[in-house]
Amino acid sequence: ETFSAIAAYSEAVDIEAIMQGASGETPYSEIDQATLSWIRDELQIIGVEESTHSLLAWRALSWVCDIDLHVCEMVWENVMTKRNLEKALKTRLGLNFEGKC
């Protein structure tokens, strides 16, 4: 959800740039200002909600790690792997494993 929040925020920033006159081919180039404004606002709401979910998930992980080190280690070994993080970066942000677009 951290990546979802970043992706939503990034899209909202791109839309704002288009609304301010930036040029270039984007999926939003041919959309009227009122609709762009609505999409931008909705993406900002999604970003806030995803940030809240992300924070809750990180707090839950911290709580688990405080209570049971074995479970914490299992999470880090099986969920927070380099492969899973790279997949999340690619899926949510369009980045490859080197951090490049």
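Preceding this section is the structure that the text describes.
It should be emphasised that the depicted structure is a prediction, and the values quoted were computed from it without experimental measurement.

Rules behind the numbers
- Residues numbered from 1 in each chain as written.
- Predicted model: local features only at pLDDT ≥ 70, side-chain atom pairs only at ≥ 80, totals over all residues.
- Heavy atoms only, no water.
- Salt bridge = Lys/Arg side-chain N within 4 Å of Asp/Glu carboxyl O.
- Helix = DSSP H or I, 4+ residues; strand = E, 2+ residues; numbered from the N terminus.
- Core = buried A, V, L, I, M, F, W, Y, C linked by side-chain atoms within 4.5 Å.
- Buried < 20%, exposed > 50% of the residue type's maximum accessible area, 1.4 Å probe, protein only.
- Phe/Tyr/Trp six-rings, centres within 6.5 Å; stacked < 30°, edge-to-face > 60°.
- Disulfide = S-S within 2.5 Å.
- Axes fitted to C-alpha atoms, helices over the stretch in contact; angles between N-to-C directions.
- Parallel < 35°, antiparallel > 145°, perpendicular 65-115°, else oblique.
- Contact = heavy atoms within 4.5 Å.
- Nonpolar A, V, L, I, M, F, W, Y, C, P; charged D, E, K, R; others polar.

**Student:** Explain the pattern of salt bridges here, please?
**Tutor:** Oppositely charged side chains may form a pair once their charged atoms are brought near each other. If you walk through the whole model with that rule in mind, you get three salt bridges. A salt bridge links Arg40 to Glu16; the nearest nitrogen and oxygen atoms lie 2.7 Å apart. Here Arg40 is found in helix H2 (residues 33-67), whereas its partner Glu16 is found in helix H1 (residues 2-19), with 24 residues between them in sequence. Each member of the salt-bridge network shares a partner with another, and the members are Glu16, Arg40 and Asp41.

**Student:** Which parts of the structure should I look at to understand the nonpolar core?
**Tutor:** Within the largest apolar cluster, nine residues are counted, these being Ala8, Ala12, Ile15, Ile18, Met19, Tyr28, Leu36, Ile39 and Leu43. When residues of this core are traced back to their parent elements, those giving at least two are H1 and H2. It is H1 that provides the largest number of residues to this core, a total of five residues.

**Student:** Explain the packing of aromatic side chains to me, please; I cannot follow it from the model alone.
**Tutor:** For any pair of aromatic rings, the description rests on two quantities: the centre-to-centre distance and the angle between the ring planes. Overall, the coordinates contain one aromatic pair when judged by the stated rule. Seen in terms of ring centroids, Trp58 and Trp76 are 6.5 Å apart; in terms of plane orientation they differ by 35 degrees. Their pairing is tilted. Here Trp58 is found in helix H2, whereas its partner Trp76 is found in helix H3 (residues 69-78), with 18 residues between them in sequence. Accessibility expressed as a relative area gives 41% for Trp58, which makes it partly exposed. With relative accessibility at 40%, the residue Trp76 sits in the partly exposed group.

**Student:** Please explain the state of the cysteines as it appears in this structure.
**Tutor:** Think of a disulfide as a covalent bridge from one cysteine sulfur atom to another cysteine sulfur atom. Tallied over the full model, the rule gives one disulfide. Covalent S-S linkage joins Cys65 and Cys72, the inter-sulfur distance amounting to 1.9 Å. In this structure, the disulfide formed by Cys65 and Cys72 twists by about 80 degrees around the S-S bond and is classed as right-handed. Using a relative accessible area of 8% as the deciding quantity, one classes Cys72 as buried.

**Student:** I tried to follow the packing of H2 against H3 on my own but got confused; where do I start?
**Tutor:** Two packed helices can be described by the angle between their axes and the distance between those axes. Relative to each other, H2 and H3 sit at 135 degrees, their axes nearing to 5 Å. On the basis of the axis angle, H2 is oblique to H3. Taken together, the residues of H3 that come into contact with H2 (itself represented by Trp58, Leu61, Val64, Cys65 and Ile67) are Leu69, Val71, Cys72, Val75 and Trp76. Partitioning the contact of H2 with H3 into residue classes produces ten nonpolar, no polar and no charged.

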